[in-house]
Amino acid sequence: MTDHRLAPDVEETAEAIASMEIRGAATIAAGAAEALGTQAREAEADSPAAFRASMRAAARRLRETRPTAVSLPNALRYVLRRMDGRNVDALRESVTDAVAEFVAQLDRAQEDLGRVGANRLADGDTVMTHCHSTDALACIEAAVEGGKEIEAIVKETRPRNQGHITAEQLRGMGVPVTLIVDSAARRYLNEADHVLVGADSIAADGGVINKIGTSGLAVNARERGVPIMTAAQTIKLHPETLTGHTVEIEMRDEAEVIDPETRAGIGEIAVENPAFDVTPPRYMDAIVTEHGQFPPESIVTLMRELFGEGAAEPWAEP
């Protein structure tokens, strides 16, 4: 008998991810991994084949909740790739061990990443930021905690002004902040020692998918000779790009750009609001992760080591 019944926690976690009650890359990844651990503990499988089928079914249910969230399949791949054993008990133990290892790494990833990024910042440096990234802020926080004086030039990041969140959190660290409009970035790069951004995801070639405006900032930084780094936990790596998959760029609501009344007053216009853009690896100096810093072109090695080949879908039926 093959038992595909899902543990209640799997269904609850799937619903919470789908409704965005659970949100944020690390939180989604941890929730999905822990749900697989619950499935492993509660699966009433009478054979190794039944146990594996049960785990795949749980992973499929979780996978379908947020098709574009890159950290979700990474969590599933990490755990299922380490599922191994000749009997149900051994398989169960391998899954629960993999979950514990994955969650423990997640728990310390941002702190480890912050220490790596802080090493690139010198006492007295001014850092320019774009959008809001807790990974990027972790680098500045670690530098400040290490006794370095850091100042920040924060781009407001239209249309949702996530730069305001960055500015508030940097002030909470005691960092002096200058807020600028996005179009002033090139002028103020003359006063910056580093550009520091986060990532929504990172492609196999080292391309950085991040909030719209990142690529233009990177090109300007390169022309100005200002080093730019991406701070991103490895759950942001996008293994499917190894096999030629392209990253979908989300188009957001037009009302974020212009309110309906103003738009009607202008007349018939098209409005586009892409959420992200892709910065080619040649414009990025380093990608900082919890495993160390990497030239963008070499990130593919780490991607394969952690998550395997991109086409693999260990949750699929054999």
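Per an unreviewed UniProt entry, the chain is named Ribose 1,5-bisphosphate isomerase, and its organism is Halorubrum glutamatedens. Quoted straight from UniProt, the Catalytic activity (unreviewed entry) entry for the chain says "alpha-D-ribose 1,5-bisphosphate = D-ribulose 1,5-bisphosphate".

K.L.:
Explain the UniProt feature "binding site: substrate" (unreviewed entry) in the chain residue by residue, including any values.
P.N.:
In this numbering, the UniProt entry assigns the feature "binding site: substrate" (unreviewed entry) to Arg-23, Gly-24, Ala-25, Ala-26, Arg-66, Asn-210, Lys-211 and Lys-236. Tracing the sequence through the fold places Arg-66 in the loop between α3 (48-63) and α4 (71-81). In this view, Arg-66 contacts Ile-17, Met-20, Ile-22, Ile-28 and Leu-72; residues no more than four positions away in its chain are not counted. Within the secondary structure, Lys-211 is located in strand β6 (residues 208-211). On the accessibility criterion, Lys-211 (6% relative accessible area) is buried. Residues contacting Lys-211, with those up to four places away along its chain left out, are His-130, Cys-131, Thr-157, Arg-158, Pro-159, Gln-162, Ala-275, Phe-276 and Asp-277.

K.L.:
Now, about the pattern of salt bridges: what can you tell me, with residues and values included?
P.N.:
All told, the structure shown has 19 salt bridges when counted by the stated rule. Residues Glu-240 and Arg-77 are paired through a salt bridge, measuring 3.3 Å at the closest nitrogen-oxygen approach. With Glu-240 in the loop between β7 (228-231) and α10 (260-266) and Arg-77 in helix α4, this pair connects stretches of sequence that are 163 residues apart. With a relative accessible area of 1%, Arg-77 lands in the buried category. The salt bridge partner of Arg-160 is Glu-256, with a shortest N-O separation of 3.0 Å. Taken together, the residues Arg-160 in the loop between β2 (151-155) and α7 (163-172) and Glu-256 in the loop between β7 and α10 connect sequence positions 96 residues apart. Classification of Arg-160 by relative accessible area gives partly exposed; the value is 49%.

K.L.:
Outline the pairing of β2, supporting the account with residue identities and numerical values.
P.N.:
Within β2, four of the five residues are buried, leaving the element largely enclosed by the surrounding structure. Here strand β1 (residues 126-129) runs beside β2; their pairing, made up of four bridges, is parallel. Each residue of the ladder has a partner; that of Thr-126, found in β2, is Glu-151. Chirality of the crossover, the property in question, places the unit of β1, helix α6 (residues 134-145) and β2 among those that are right-handed. By the bridge criterion, four bridges tie β2 to strand β3 (residues 177-180) in an arrangement that is parallel. Paired with Ala-152 across the bridge in β3 is Val-177. Each parallel crossover has a hand, and for β2 linked through α7 to β3 it is right-handed.

Rules used throughout
Residues numbered from 1 in each chain as written. Predicted model: local features only at pLDDT ≥ 70, side-chain atom pairs only at ≥ 80, totals over all residues. Heavy atoms only, no water. UniProt positions renumbered as here; feature names shortened; annotations may be inferred. Helix = DSSP H or I, 4+ residues; strand = E, 2+ residues; numbered from the N terminus. Contact = heavy atoms within 4.5 Å. Buried < 20%, exposed > 50% of the residue type's maximum accessible area, 1.4 Å probe, protein only. Salt bridge = Lys/Arg side-chain N within 4 Å of Asp/Glu carboxyl O. Pairing = 2+ DSSP bridges. Right-handed = clockwise from strand over helix to strand, strands pointing away.

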